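Chain by chain, the residues run as shown.
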Amino acid sequence: DGGITQSPKYLFRKEGQNVTLSCEQNLNHDAMYWYRQDPGQGLRLIYYSQIVNDFQKGDIAEGYSVSREKKESFPLTVTSAQKNPTAFYLCATTAGGSSYEQYFGPGTRLTVT
Amino acid sequence: AQSVAQPEDQVNVAEGNPLTVKCTYSVSGNPYLFWYVQYPNRGLQFLLKYITGDNLVKGSYGFEAEFNKSQTSFHLKKPSALVSDSALYFCAVKGGSYIPTFGRGTSLIVHP
């Protein structure tokens, strides 16, 4: 998990509230990703960003938004439009060049009631 | 389109025995293949990758994987399992797309 921090580790919100999950990296990596993990479903891509001020929708972007104003930071907002937001959220980076493996943060477990 | 299949939701093995976690893939062009491990309530950790070269790839913690192009497989192996190897294992493939695709994961349980 070194080099990528996600906060908080556990987050509880009431239904209808927007919530922002933090992801910060000090690896100087260009590419950053947000995944959602649900039991038995693997990792599903929400958004990714290859460079500052640019990001692309993943497979399940509806109900989520992101920003990439700084290379080090890629926050994810879970909006009230997301119908089933309770999940484990993982942020990841890629070094680029010939290093295609991803580095993951420790994750944030979001519970919405 | 690219895809990954991990046909086993769970693999059980006795400590000291060899283990295999299966992965098959579908991708256009040459595949880049990865294995990751996840411990409970933690992020994924990179174990090993195949980009090109030798079909047998060695990685962290004594794990290795064999790339088989004809069978489009990339099975994860370890000669002697440890109880501490018990975790969730993910296979991923990256082809022409910039973004890798992950399998659903296989839970490895090593019994003492």
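Each chain has its residues counted from 1, running along the sequence as written. Chains carry letters and ligands carry numbers; both start at the beginning, A for chains and 1 for ligands, and go up in the order they are written. Given that this is a predicted model, residues contribute local features only at a pLDDT of at least 70 and side-chain atom pairs are listed and counted only at 80 or more, while totals for whole chains, interfaces and linings are drawn from all residues. As a rule here, side-chain values come from all non-hydrogen atoms in the structure, and water together with hydrogens is ignored.

Trainee: Sorry, what's going on with the packing of aromatic side chains here?
Mentor: Aromatic rings in a pair are described by how distant their centres are and how their planes are angled relative to each other. Here is the rule: rings of Phe, Tyr and Trp (six-membered ring for Trp) pair when centre to centre is within 6.5 Å. Planes less than 30 degrees apart are stacked, more than 60 are edge-to-face, and the remainder are tilted. The final tally for this structure, using the stated rule, is 15 aromatic pairs over all chains. With a centroid separation of 5.6 Å and 50° between ring planes, the pair formed by Phe63(B) and Tyr89(B) is classed as tilted. Within this pair, whereas Phe63(B) is found in the loop between strand E7 (56–58) and strand E8 (64–68), its partner Tyr89(B) is found in strand E10 (residues 87–94), the two being separated by 26 residues in sequence. Taken together, the ring pairs connect Tyr33(A), Tyr35(A), Tyr48(A), Phe104(A), Phe34(B), Tyr36(B), Phe46(B) and Phe102(B) into an aromatic cluster. When the NZ atom of lysine or the CZ atom of arginine is within 6 Å of a ring's centre and also within 35 degrees of its normal, the charge is said to sit over that ring. Here the basic side chain of Arg68(A) rests over the ring of Phe74(A), its NZ or CZ set 5.9 Å away from the ring centre. Where helices and strands are cited, they refer to DSSP runs of H or I of at least four residues and of E of at least two residues respectively, numbered from the N terminus.

Trainee: Honestly, the layout of surface pockets in this entry has me stumped. Any pointers?
Mentor: Empty space among the atoms can be located by rolling a probe the size of a water molecule over them. With a 1 Å grid spanning the protein atoms alone, the term cavity applies to any set of points in which a 1.4 Å probe fits but cannot get out, the term pocket to an open set with protein on both sides within 12 Å along at least five of seven lines, and the term lining residue to any residue with an atom within 4 Å of a point. Grid points are joined across faces, edges and corners, and a volume is the space filled by probe spheres set on the points. When its volume is computed, the largest pocket comes out at roughly 420 Å³. Lining the largest pocket are 23 residues, with Gln37(A), Pro39(A), Gly40(A), Gln38(B) and Leu88(B) positioned closest to its centre. When residues of the lining of the largest pocket are assigned to their parent elements, the largest contribution, three residues, is made by E10(B). Three classes are used: nonpolar for Ala, Val, Leu, Ile, Met, Phe, Trp, Tyr, Cys and Pro, charged for Asp, Glu, Lys and Arg, and polar for all others, with Gly counted as polar. Among the residues forming the lining of the largest pocket, the class breakdown is eight nonpolar, 10 polar and five charged. Its volume calculated, the second largest pocket comes out at about 280 Å³. The wall of the second largest pocket is formed by 15 residues, among which Leu45(A), Asp59(A), Ile99(B), Pro100(B) and Thr101(B) lie closest to the centre. No other element matches the four residues that strand E5 (residues 43–51) of chain A contributes to the lining of the second largest pocket. Taken together, the residues of the lining of the second largest pocket break down into seven nonpolar, five polar and three charged.

Trainee: What am I meant to see in the interface of chain A and chain B here?
Mentor: Contact with chain A, which involves 25 residues of that partner, is made by 20 residues of chain B. When chain A packs against chain B, close to 1,800 Å² is buried across both sides, 56% of that on carbon and sulfur atoms. Here a salt bridge means any side-chain nitrogen of Lys or Arg lying within 4 Å of a carboxyl oxygen belonging to Asp or Glu. The interface formed by chain A and chain B holds one salt bridge in total. One salt bridge in this structure joins Lys49(B) and Glu101(A), with 2.8 Å as the shortest N-O distance. Secondary-structure elements contributing two or more residues to the side of chain A that touches chain B are strand E4 (31–37), E5, strand E9 (87–96) and strand E10 (99–104) of chain A. Considering every element that reaches the side of chain A that touches chain B, the biggest residue donor is E10(A), with five residues. For the side of chain A that touches chain B, the class distribution of residues is 12 nonpolar, nine polar and four charged. In this analysis, two residues are considered to be in contact whenever any of their non-hydrogen atoms come within 4.5 Å of each other. Buried area is understood as the total, over both parts, of accessible area removed when two parts are fitted together, assessed with a 1.4 Å probe.

Trainee: Teacher, can you tell me more about the side chain of Thr106(B) here?
Mentor: Among the secondary structure elements, Thr106(B) is positioned in strand E12 (residues 106–111). Overall, the relative accessible area of 0% leaves Thr106(B) in the buried class. Any residue under 20% of the maximum accessible area for its type is buried, any over 50% is exposed, and the rest in between are partly exposed; the area is computed with a 1.4 Å probe on protein chains only.

Trainee: When you look at the pattern of salt bridges in this model, what are you seeing that I'm missing?
Mentor: Close approach of charged atoms lets side chains of opposite charge pair. A complete count under the given rule lists seven salt bridges over all chains for this structure. Two residues, Asp38(A) and Arg44(A), come together in a salt bridge whose shortest N-O distance is 2.8 Å. Taking the relative accessible area as the measure of exposure, Asp38(A) reaches 10% and is therefore buried. By relative accessible area, Arg44(A) is classed as partly exposed at 27%. Measuring nitrogen to oxygen at the nearest pair gives 2.8 Å for the salt bridge that ties Lys78(B) to Asp85(B). The exposure class assigned to Lys78(B) is buried, which follows from its relative accessible area of 8%. Judged by relative accessible area, which is 4%, Asp85(B) ranks as buried.

Trainee: In this structure, what is going on with the sheet that holds strand E7 (residues 64–66) of chain A? I would like to understand it.
Mentor: What holds strands together in a sheet is hydrogen bonding between their backbones, with the strands either parallel or antiparallel. Residue and element names in this part refer to chain A. The strand order E1-E3-E8-E7 describes an open sheet built from four strands, whose pairing is antiparallel. In the strand order of this sheet, the two ends are held by strand E1 (4–7) and E7, each with one partner. Between one strand axis and the next, the sheet turns by 20° as a mean value, whatever way the strands run. Here a strand pair is declared whenever DSSP counts at least two bridges between the two strands. With four bridges connecting them, E1 and strand E3 (residues 19–25) associate as antiparallel partners. Across the sheet, Ile4 pairs through a bridge with Gln25, a residue of E3. Throughout, an axis means a line fitted to C-alpha atoms (over the contacting stretch in the case of helices), and angles, computed between N-to-C directions, take values from 0 to 180 degrees.

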